[in-house]
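Residue-level listing of the chains:
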Amino acid sequence: MLAIDSLLNEHYRITVALAAYPDAELYRAIDQRFSLRVLISALPQPDRTALEDVLRLARELAQIQMPGFLALRDYFVIDQVCYLVADDPGGTDLERFARERGSPLPESETLAIVERLLLVVERLHQHQPPLLLGDLRTCDLWSSPEGSLNLAPFACARHIGTEVTPYRAPELYDHSVEPSQVSDIYAIGAVLYHLLTGWPPTPAHQRQAGVPLNAPRALNPQVSMLAEQLTLRALELKPANRYQRVSEMRSALETVRLMAGRPMGATAPIEKPAAPVMATPTPPAPAPTYATATSVATLPPAPPPTPVASSVGSAPVAAPSRPLISTSCLLAIVAGLAVIALGVCVLLAILIGLYLTNASLPGWPGNALATRPTNVPLPTTETVSKADLLQQVAAITQTAQLREDDLGAATYSPDGSLIAVAVGQTIQLRDATSLTIQTTFSGHKGEVSSLVFSPDGAILASGAQDDPVVRLWDVRKGRELAQLAGHEDWIRSLAFSADGRLLASGSADRTIRIWDVEKRQVVAVLRGHTDLLGNVAFSPDGQRLASASRDGTARLWDVESGRQIETFRFSAPVNPETNTPFWLTGIAFSADGRQIAVGSINGSVYLLDAATGNEQRELRGHDGWVVIRGVAYSPDGRLLASASLDGSVRLWSPVSGAERGVLQQRGLRLLGLSWHPDSTRILASSDMGGNLVVWDVDSSQVVQSFQVTQGVVTGVRYGPDGKLLVASGANGAVRVHMLDTGRTFSLDGGAATAQYIDFISDSEVVAISEAGEIVAIDLTNRRPNEQLSGMNGFPLNLTVSSDRSMIAVGNEQGEVYLWETASRKFLRRLSGLGGPVYSLTFSKDDAYLAAITNQPADSPKIAVWDVTRGGQPQILQGHNGPITSLIFFDNLLFSASSDGSLRVRDVTRKNTEVFQLNVPEERGWLTSLTISPDGRLLVAGTISGHLMFYQRDNGTLLREIDLSNAGAVLAVAINPDGSQLAVSTRDEGIVLFDLTSLR
């Protein structure tokens with residue numbers, strides 16, 4: 001074994017010895033060149049041939065880069081020992097991960113983890129020659145902060161061991177048998193069994209000797225029958241009885257998830273009606289002088305990335321074990337029940353006696369008073385107050401809207417030198433290398449919806465929502481060339497023919513028009529689709545045009561005659577919920593014109609014979625819609641790419657249909673993709689993230705990421721004087737809105753977690769930087785940024801106390817750190833939550849601090865600390881879905897959950913529940929909460945895009961405002977004087993409401 005703190009190969013300082021086997025050792029270490037944590041496996045080899053074999057496998061493994069697989073960073077040989085160096089995600093191995101959870105994982109969480117592993121194994125099997133797990137061990141799977149499991153590359157390079165393991169397929173106990181894809185399926189099935197039940201399966205050789213394998217439902221009754229069948233088939237002793245391919249097991253797993261009610265697709269279509277921009281409210285009193293609208297206050301630059309900083313998700317949590325009830329407790333309970341029973345008998349005897357003697361109990365049956373008519377009570381103060389509140393809430397009106405232009409489609413020019421990107425109603429031409437703006441085109445009346453370059457790159461064609469005109473732009477001269485008018489509704493898709501002579505436009509009027517570009521005239525109008533058009537695509541020879549539509553059909557047209565080719569037919573499968581075909585979206589021709597790929601809102605991509613429309617393959621893997629601009633073959637024809645609202649680009653082999661890789665950054669929905677002409681890079685745009693991302697296809701790594709707009713606003717905070725509103729975006733960008741002047745300025749580089757910025761004074765904020773630093777920023781630029789020190793771990797969320805005297809920050813380890821605001825002095829650390837901190841909130845008097853962890857998702861916890869005393873917190877449970885919002889009012893704690901409930905508890909009275917309300921099923925759940933300063937009104941946003949107004953003291957619903965056209969409500973806030981409500985929506989920015997009727 002290597003000595004702790006020794007230096008290996010001049011770079012790697014050994015920190016922990018993790019495991020030792022006869023054929024392998026495992027260590028944790030620090031790569032001192034980059035201050036990165038790594039895992040190192042030492043594999044001694046008997047001879048030179050075996051050593052060269054391991055090195056060959058290491059070279060192959062180093063090429064694999066994808067989520068869920070710990071990248072092999074380095075490999076080398078010292079004294080006949082091959083050392084493999086991989087990323088360290090910072091978690092624990094499979095055995096500890098399962099044990100620390102204290103019980104079996106929820107089925108939905110387990111299936112998600114195993115599906116991710118299957119994607120990795122499928123990618124390994126697609127390698128030529130296939131890379132195989134063979135003899136999987138618990139130390140080959142490592143948890144990461146977001147709670148998933150990652151596969152280390154070491155198993156693929158090791159020989160089959162001699163020790164007994166529950167993950168080894170039975171055939172591999174015969175050392176003459178080589179590992180296979182089917183033996184790997186057994187290994188993943190064993191992992192699935194372990195996570196579902198909390199126990200590893202009986203080793204295969206013991207099962208062959210007669211030791212039974214307990215059915216998963218016998219160990220965990222919560223396991224569904226379908227999940228049990230999935231697991232047992234993967235663990236069949238005979239290889240022929242198992243799933244034969246990973247894709248087959250993935251399909252079965254997907255069925256299990258669907259049957260458990262897992263939703264498919266997006267919550268809303270891509271296109272959305274444009275909301276009118278409201279008038280700006282009358283400016284209040286002048287504000288202090290802040291940075292100008294063009295200035296940018298920048299958070300401190302990030303240091304070299306570390307695995308911790310790159311993963312801001314949730315960590316696996318040790319669930320507290322629940323001790324069994326002791327004998328003494330049982331006796332006490334029995335005695336208490338006996339006393340209660342005796343008391344009930346005595347009470348009944350008294351009441352019966354009173355009844356028989358006709359005692360004078362008001363309203364008692366048989367008493368004279370009970371038969372008298374009941375007078376209508378006079379209105380009480382409470383009923384009058386409710387009536388007033390109803391009237392006041394009814395008078396709440398929308399006054400303004402704060403929003404940026406939305407990021408839309410983006411595409412490479414044919415020579416790869418330019419990127420055209422839609423930003424609201426304008427088009428930016430950016431240099432593809434530096435991403436600096438070269439030219440801006442303006443003129444569309446709605447948000448630009450489609451862009452396409454002519455094959456020679458000289459012309460850019462564009463279409464927009466609420467605009468039936470196709471516009472042509474001269475790329476070199478930077479001016480408009482022409483407008484093509486004729487459609488009766490807005491333009492959804494555009495395509496040039498290969499020779500650039502023709503342009504096809506698909507419109508919301510359900511027609512396709514083919515234009516002669518030089519003459520600016522319509523050549524043909526194609527009619528036949530019965531619903532909105534998806535994308536359109538010319539065949540390579542320009543003689544045919546393919547189209548996809550919401551009517552569920554893909555159609556083929558003869559360009560010269562303008563007629564539909566009747567021999568080509570394809571209809572999407574029927575959606576069982578609507579009994580109509582799934583909508584079809586993107587469509588593309590292969591380079592040889594013999595194949596057509598078409599995407600669907602069910603997440604599938606269909607490969608069709610271009611002559612007949614016969615389905616060749618269904619490519620499954622996306623969890624959301626494949627978008628209109630989301631299907632494209634690489635220019636060299638080797639790959640097919642598909643982009644989805646699930647935030648990923650998937651790469652496929654057009655020949656075999658095998659998945660070749662997954663490109664994913666943060667999971668924010670994508671609007672489309674574009675291949676670089678050299679087929680090595682893919683460009684994608686995300687409206688939610690407001691950014692452009694460029695991936696290197698071979699490494700699956702992001703090589704460029706550029707923020708164009710703020711993207712979706714996930715948080716809103718008013719300053720203490722109500723004159724500033726901070727809006728935090730999903731991409732980490734922050735906009736500070738000066739409400740009295742209408743001006744804004746930006747802060748860039750935030751952590752993009754749920755709650756990463758707050759005010760500490762009228763002109764200062766505290767924020768978590770992208771690098772994980774906690775920074776105090778003076779918005780007037782009079783003081784330099786100050787970094788708060790003293791925290792361990794990666795900060796996830798922060799909040800400031802009601803009197804602005806304290807700053808609280810929670811990390812991924814479930815700890816909360818407190819600082820004094822004025823001095824920036826570290827005060828104390830609070831622990832006891834037991835999982836990553838999702839959100840924090842102080843009580844109004846700052847006596848209590850509450851924090852949420854949503855791990856595990858089906859049993860979240862709230863910790864409530866006495867801020868002065870510290871110590872262990874009170875732990876509150878009860879929700880059975882992730883908690884979405886947590887706020888205090890006085891000593892009442894309000895918690896909303898995705899289980900559809902809102903719970904209100906008094907933390908000073910042993911967390912007594914004051915009341916609970918459940919959101920109507922059609923509203924989904926509450927996403928955000930706020931309370932008016934006078935405490936009378938509770939305002940909540942819903943995932944369905946509705947704004948709910950409740951009476952704060954009893955949960956009576958007073959009013960509902962429908963904002964569903966703007967998408968889900970993500971955050972709500974009321975300014976300090978109670979005169980204004982800010983509501984962040986997914987698709988339409990921030991909506992402001994006047995609350996002066998409540999005052």
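In what follows, the structure referred to is the one given above.
Q: I'd like a description of the overall build of the protein, backed by residues and values.
A: A tally of helices and strands in the protein yields twelve helices and 68 strands. Taking all 999 residues of the protein together, the buried fraction comes to 56%. Pairs at least 24 residues apart make up 49% of the contacts formed inside the protein by residues separated by at least 6 positions.

Q: I'd like a rundown of the sheet that holds strand β30 (residues 584–589), residues and numbers included.
A: Taken in spatial order, the four strands of this open sheet run β30-β31-β32-β33, and their pairing is antiparallel. Strands at the two margins of the open sheet, each flanked by one partner only, are β30 and β33 (615–619). Taking the axes of each pair of neighbouring strands and ignoring which way they run, one obtains an average angle of 20° across the sheet. As defined by bridge partners, strand β32 (residues 605–609) adjoins β33 across four bridges and the pair is classed as antiparallel. Of the residues in β33, the one forming a bridge with Val605 is Leu619.

Q: Provide a residue-level description of the pairing of strand β55 (residues 848–853), including the pertinent values.
A: Most of β55 sits out of view: six of its six residues are buried. In β55, alternate side chains face the same way, and those of Tyr848, Ala850 and Ile852 on one face and Leu849, Ala851 and Thr853 on the other are all buried. Taking the residues that link successive antiparallel strands as the turn, the strand β54 (residues 839–842)-β55 hairpin has five residues, and the phi of Asp846 there is positive, at about 65°. Two elements, β55 and strand β56 (residues 861–866), share six bridges in a ladder whose sense is antiparallel. Looking across to β56, one finds that Ala851 is bridged to Ala863.

Q: Let's hear about the nonpolar core: which residues, and what values?
A: The nonpolar side chains of soluble globular proteins are, as a tendency, buried together. In terms of nonpolar packing, the biggest core is built from 68 residues, with Leu124, Leu136, Leu151, Leu195 and Met249 touching the most fellow members. Among the elements that line this core, the one with the most residues is helix α5 (residues 181–197), at ten residues. Among the nonpolar cores identified, the runner-up in size contains 36 residues, and Leu556, Phe589, Leu645 and Ala684 belong to it.

Q: For the pairing of strand β17 (residues 467–474), give the residues involved together with the corresponding values.
A: Burial analysis of β17 places seven of its eight residues in the buried class, which makes it a mostly covered element. Note that strand β16 (residues 459–464) and β17 share five bridges and pair antiparallel. Paired with Ala461 across the bridge in β17 is Leu472. Hairpin remark: β16 followed by β17, antiparallel, with two residues in the connecting loop; positive phi at Asp466, about 55°. Inspection of the sheet shows β17 paired to strand β18 (residues 479–484) by five bridges, in the antiparallel sense. When the bridges of β18 are listed, Val470 appears paired with Leu484. Two successive antiparallel strands, β17 and β18, enclose a turn made up of four residues, where Gly478 displays a positive phi of approximately 70°.

Q: A description of unusual backbone geometry should follow, citing residues and the corresponding values.
A: The omega torsion of the bond from Gln128 to Pro129 falls at -5°, within 30 degrees of zero and hence cis. In this structure, the amide linkage connecting Gln855 to the following residue, Pro856, adopts the cis form with an omega of 0°. Residue placement: Pro856 occurs in the loop between β55 and β56. One non-glycine residue, Asp79, lies in positive phi territory at about 50°. Relative to the helices and strands, Asp79 resides in the loop between β5 (72–78) and β6 (81–87).

Q: Report on the sheet that holds strand β60 (residues 901–906), specifying residues and quantitative values.
A: Within a sheet, adjacent strands bond to each other through the backbone by hydrogen bonds, running parallel or antiparallel. One open sheet holds the four strands; their spatial order is β58-β59-β60-β61, and the pairing between them is antiparallel. Where the open sheet ends on each side, the last strands, each with one partner, are β58 (883–889) and β61 (912–918). With direction set aside, neighbouring strand axes in the sheet form an average angle of 15°. As paired elements, β58 and strand β59 (residues 892–897) share six bridges and run antiparallel to each other.

Q: An account of the side chain of Arg137 is requested, with residue identities and associated values reported.
A: Along the chain, the position of Arg137 falls in the loop between α3 (107–126) and β7 (141–143). A distance of 3.0 Å separates polar atoms of two side chains, one belonging to Arg137 and the other to Asp23. In this view, Arg137 contacts Tyr21, Asp23, Ala24, Arg158, Gly161 and Glu163; residues no more than four positions away in its chain are not counted.

Q: Run through α3, naming residues and quoting values.
A: If you check α3, its first and last C-alpha atoms are 28 Å apart, about what 20 residues at 1.5 Å a residue would give, namely 28 Å. Of all 20 residues in α3, 17 are buried; the element is thus mostly enclosed.

Q: Please provide a residue-by-residue account of helix α8 (residues 225–234), values included.
A: Taken together, the buried positions of α8 are occupied by Ala227, Glu228, Leu230, Thr231 and Ala234. Around the axis of α8, the buried residues are gathered within 160° of arc, so they sit on the same side.

Q: How would you summarise the packing of α3 against α5 if you had to cite specific residues and measurements?
A: Each pair of packed helices gets described by two things: the angle between the helix axes and the distance between those axes. Their axes nearest at 10 Å, the elements α3 and α5 cross at an angle of 160°. By the angle between their axes, α3 is roughly antiparallel relative to α5. Pair α3 / α5 crosses with right-handed handedness. For the pair α3 and α5, the contacting residues are Glu107, Thr110, Leu111, Ile113, Val114, Leu117, Leu118, Val121 and His125 in the first and Gln181, Asp184, Ile188, Val191, Leu192, Leu195 and Leu196 in the second. Within the contact of α3 with α5, the residues separate by chemical class into eleven nonpolar, three polar and two charged.

Q: Can you tell me about the pattern of salt bridges, naming the residues and giving the values?
A: Evaluated as defined, the whole model comprises 36 salt bridges. Residues Asp5 and Arg13 are paired through a salt bridge, measuring 3.8 Å at the closest nitrogen-oxygen approach. Looking at Asp5, the relative accessible area reads 49%, which means it is partly exposed. Asp87 is paired through a salt bridge with Arg73; the nearest N and O atoms lie 2.1 Å apart. Taken together, the residues span a long stretch of sequence, with Asp87 in strand β6 and Arg73 in strand β5 at a distance of 14 residues. Each of Arg669, Asp687, Arg986 and Asp987 takes part in one network of salt bridges that share partners.

Q: An account of the environment of Ser143 is needed here, citing residue identities and associated values.
A: In this structure, Ser143 sits in strand β7. When its relative accessible area of 0% is taken as the criterion, Ser143 is described as buried. As a C-alpha pair, Ser143 and Gly90 span 53 residues in sequence and 7.3 Å in three-dimensional space.

Q: Please set out the packing of aromatic side chains residue by residue, giving values where relevant.
A: Taken as a whole and assessed by the stated rule, the structure comprises eight aromatic pairs. When the ring of Phe570 is compared with that of Tyr606, the centres are 5.4 Å apart and the planes differ by 50°; the resulting orientation is tilted. A residue pair is termed long-range when its members are at least 10 positions apart, and Phe570 in strand β27 (residues 570–571) and Tyr606 in strand β32 qualify at 36 residues. We note that Phe570, like Tyr606, is buried. Plain terms: the ring middles of Tyr817 and Phe826 are 5.8 Å apart, the flat faces sit at 40° to each other, and that makes the pair tilted. Residue Phe826 is classed as partly exposed on the basis of its relative accessible area, which comes to 32%.

What counts as what
Residues numbered from 1 in each chain as written. Predicted model: local features only at pLDDT ≥ 70, side-chain atom pairs only at ≥ 80, totals over all residues. Heavy atoms only, no water. Helix = DSSP H or I, 4+ residues; strand = E, 2+ residues; numbered from the N terminus. Buried < 20%, exposed > 50% of the residue type's maximum accessible area, 1.4 Å probe, protein only. Contact = heavy atoms within 4.5 Å. Pairing = 2+ DSSP bridges. Axes fitted to C-alpha atoms, helices over the stretch in contact; angles between N-to-C directions. Core = buried A, V, L, I, M, F, W, Y, C linked by side-chain atoms within 4.5 Å. Polar contact = N/O pair within 3.5 Å; in protein donor to acceptor, adjacent residues only side chain to side chain. Expected span 1.5 Å × (residues − 1). Arc of directions from axis to C-beta. Parallel < 35°, antiparallel > 145°, perpendicular 65-115°, else oblique. Left-handed = near helix turned anticlockwise from the far one by under 90°. Nonpolar A, V, L, I, M, F, W, Y, C, P; charged D, E, K, R; others polar. Salt bridge = Lys/Arg side-chain N within 4 Å of Asp/Glu carboxyl O. Phe/Tyr/Trp six-rings, centres within 6.5 Å; stacked < 30°, edge-to-face > 60°.

Everything listed here is a matter of geometry and, on its own, says nothing about what the molecule does.
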